[in-house]
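Next come the chains, spelled out residue by residue.
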Amino acid sequence: MSQAPANAALLQAMGELFVSFPHCVTLGFQYLGTVDRKPTLKVEWRDELVGNPATGVVHGGVITSIVDTCSGIAVTAHMTELETIATLDLRIDYLKAATPGKAIYCTAECYRMANQIAFTRAVCYHDSPDDPIAHGVATFMRDSNPKPMLTKEGGA
């Protein structure tokens, strides 16, 4: 069953905000948008992201970071109004090495929004989520900080 974002404008702002964080800019994350409540991010393969120069495989930290970022955006797809969130727990299962030279995509979903905790799952892949590089699950604390992530005007 498909569901529209709880607040499409907030989701768009948060998707753009999350990929503007300095580490996401350095890694080159791109917010591709959201289908239903499932955002997708993309990172292009680059020499600077390689963890093993002998194989050309992207460092696992890139996968971890894109799963965390995409999962956080997925939580915001369920928010009717802005609240600050923080990653509590993140687990990644690396299923196979990413193919050198190919972009990596990550799609995430928040499958449960409880009063204080949000639960997510994500998949990283090249061409299809049916052929995953990695799976991730995470939990996020809701309303974790009284300082807002965005100003009233919608900027960071």
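Residues numbered from 1 in each chain as written. Predicted model: local features only at pLDDT ≥ 70, side-chain atom pairs only at ≥ 80, totals over all residues. Heavy atoms only, no water.

**Side note on the UniProt feature "domain: Thioesterase" (unreviewed entry) in the protein**
Selection rule: UniProt positions are given in the numbering used here, feature names are shortened, and annotations may be inferred rather than shown by experiment. Starting at the N terminus, helices and strands are each numbered in turn, a helix being any DSSP run of H or I of at least four residues and a strand any DSSP run of E of at least two.
The UniProt record marks residues 56-127 with the feature "domain: Thioesterase" (unreviewed entry), using the residue numbering of this structure. Secondary structure across residues 56-127 divides into 24% helix and 43% strand, with the first and last C-alpha atoms of the span separated by 18 Å.

**Comments concerning the nonpolar core**
Inclusion rule: Think of a nonpolar core as a cluster: buried Ala, Val, Leu, Ile, Met, Phe, Trp, Tyr and Cys residues, connected wherever their side-chain atoms sit within 4.5 Å. Type-normalised accessible area, obtained with a 1.4 Å probe on protein chains alone, sets the label of each residue: buried when under 20%, exposed when over 50%, and partly exposed for intermediate values. The criterion used for residue contact is that any of the two residues' heavy atoms lie within 4.5 Å.
Residues Phe 29, Leu 41, Ile 63, Ile 104 and Cys 124 are the most contacted members of the largest nonpolar core, which totals 38 residues. When contributions to this core are tallied by element, the ones reaching two or more residues are helix H1 (8-20), helix H2 (22-27), strand E2 (38-43), helix H3 (60-76), strand E5 (85-94), strand E6 (104-113), strand E7 (117-125) and strand E8 (132-142). Residues contacting Ile 104, with those up to four places away along its chain left out, are Leu 41, Lys 42, Val 43, Val 58, Ile 63, Ile 66, Ala 98, Cys 124, Tyr 125, His 126 and Ile 133.

**Some thoughts on the packing of H1 against H3**
Rules: Interaxial angle, 0 to 180 degrees, is taken between N-to-C directions of lines fitted to C-alpha atoms, where a helix line uses only the stretch in contact. Should an angle lie under 35 degrees it is considered roughly parallel, over 145 roughly antiparallel, and from 65 to 115 roughly perpendicular; all remaining angles are considered oblique. When the near helix sits turned anticlockwise from the far one by under a right angle, the crossing is termed left-handed; a clockwise turn instead gives a right-handed crossing.
Relative orientation of the contacting elements H1 and H3 amounts to 165°, with a least axis distance of 9 Å. Between H1 and H3, the angle falls in the class roughly antiparallel. Considering how the two elements wind past one another, H1 and H3 form a crossing that is right-handed. Contacts between H1 and H3 pair Leu 11, Met 14, Gly 15 and Phe 18 from the former with Thr 69, Gly 72, Ile 73 and Thr 76 from the latter.

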